[in-house]
Amino acid sequence: MSQQAVGMIQVMGYPAALAVADTLVKAANVQLVSCEGIGSGYWTLVIRGTVAEVSAAVQAVRSHSQPPILSHQIIAQPQSNLEQVLPIRSPHAPLDDFLL
């Protein structure tokens, strides 16, 4: 997954984060990797996909006036060791890992 682009969007409030997440995954073939509350009502959403798909998803969110986007960033080719330090990889292990 390290060859895929990373897109990050920051919004204020959980309802806005939910609306943005919905728009992101409907606008392009991207995977929602995380949606984290970072304090004081700020939420950051992280998506992964090809550069074109991540760019299309972020642009779709930016084109809507509601909810307001506080900031956004796209990293086309993240350094491979970023996945070890930052929460930008898929958060869930395969399903059979959870079976007893």
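Our structure is the block above this text.
Residues numbered from 1 in each chain as written. Predicted model: local features only at pLDDT ≥ 70, side-chain atom pairs only at ≥ 80, totals over all residues. Heavy atoms only, no water.

Undergrad: How would you explain the nonpolar core if you had to name every residue and give the values?
TA: With 16 residues, the main nonpolar core has Ile-9, Val-11, Val-20, Leu-24, Leu-45 and Ile-47 as its most contacted residues. Those elements that place two or more of their residues in this core are strand S1 (5-12), helix H1 (14-27), strand S3 (42-49) and helix H2 (51-63). Among the elements that take part in this core, H1 stands out by supplying five residues, more than any other. The contacts of Leu-45, once residues within four sequence positions are left out, are Gly-7, Met-8, Ile-9, Val-11, Ala-17, Val-20, Ala-21, Leu-24, Leu-32, Ser-34 and Cys-35. (Core = buried A, V, L, I, M, F, W, Y, C linked by side-chain atoms within 4.5 Å. Buried < 20%, exposed > 50% of the residue type's maximum accessible area, 1.4 Å probe, protein only. Helix = DSSP H or I, 4+ residues; strand = E, 2+ residues; numbered from the N terminus. Contact = heavy atoms within 4.5 Å.)

Undergrad: Outline the sheet that holds S3, listing residues and values.
TA: The strand order S2-S3-S1-S4 describes an open sheet built from four strands, whose pairing is antiparallel. One side of each edge strand has no neighbouring strand; the edge strands of this open sheet are strand S2 (31-39) and strand S4 (71-75). Averaged over all pairs of adjacent strands, the angle between strand axes in this sheet comes to 15°, irrespective of strand direction. This element, H1, spans S1, S2 and S3 of the sheet and lies at about 15° to S3. (Pairing = 2+ DSSP bridges. Axes fitted to C-alpha atoms, helices over the stretch in contact; angles between N-to-C directions.)

Undergrad: Could you give an account of a nonpolar patch on the surface, naming the residues involved and the relevant values?
TA: Judged by side-chain polarity, Met-12, Ile-38, Tyr-42 and Leu-70 come together as a nonpolar surface patch covering roughly 360 Å² of accessible area. Turning to its location among the elements, Ile-38 is positioned in strand S2. (Patch = residues over 30% accessible without salt bridge, like charges linked within 9 Å, V, L, I, M, F, W, Y side chains within 5 Å. Areas by Shrake-Rupley, 256 points an atom, 1.4 Å probe, with all protein chains shown as cover. Salt bridge = Lys/Arg side-chain N within 4 Å of Asp/Glu carboxyl O.)

Undergrad: Tell me about the pattern of salt bridges, and name the residues and values.
TA: All told, the structure shown has two salt bridges when counted by the stated rule. With its nearest N and O atoms 3.1 Å apart, the salt bridge here joins Lys-26 to Asp-22. A residue pair is termed a helical-turn pair when its members lie 3 or 4 positions apart in one helix, as Lys-26 and Asp-22 do in helix H1 at four residues. Judged by its relative accessible area of 35%, Asp-22 is partly exposed.

Undergrad: So what's going on with the side chain of Ser-34? Which residues, and what values?
TA: Take Ser-34: it is sitting in strand S2. The class of Ser-34 is buried, set by a relative accessible area of 12%. The contacts of Ser-34, once residues within four sequence positions are left out, are Thr-44, Leu-45, Val-46 and Pro-87.

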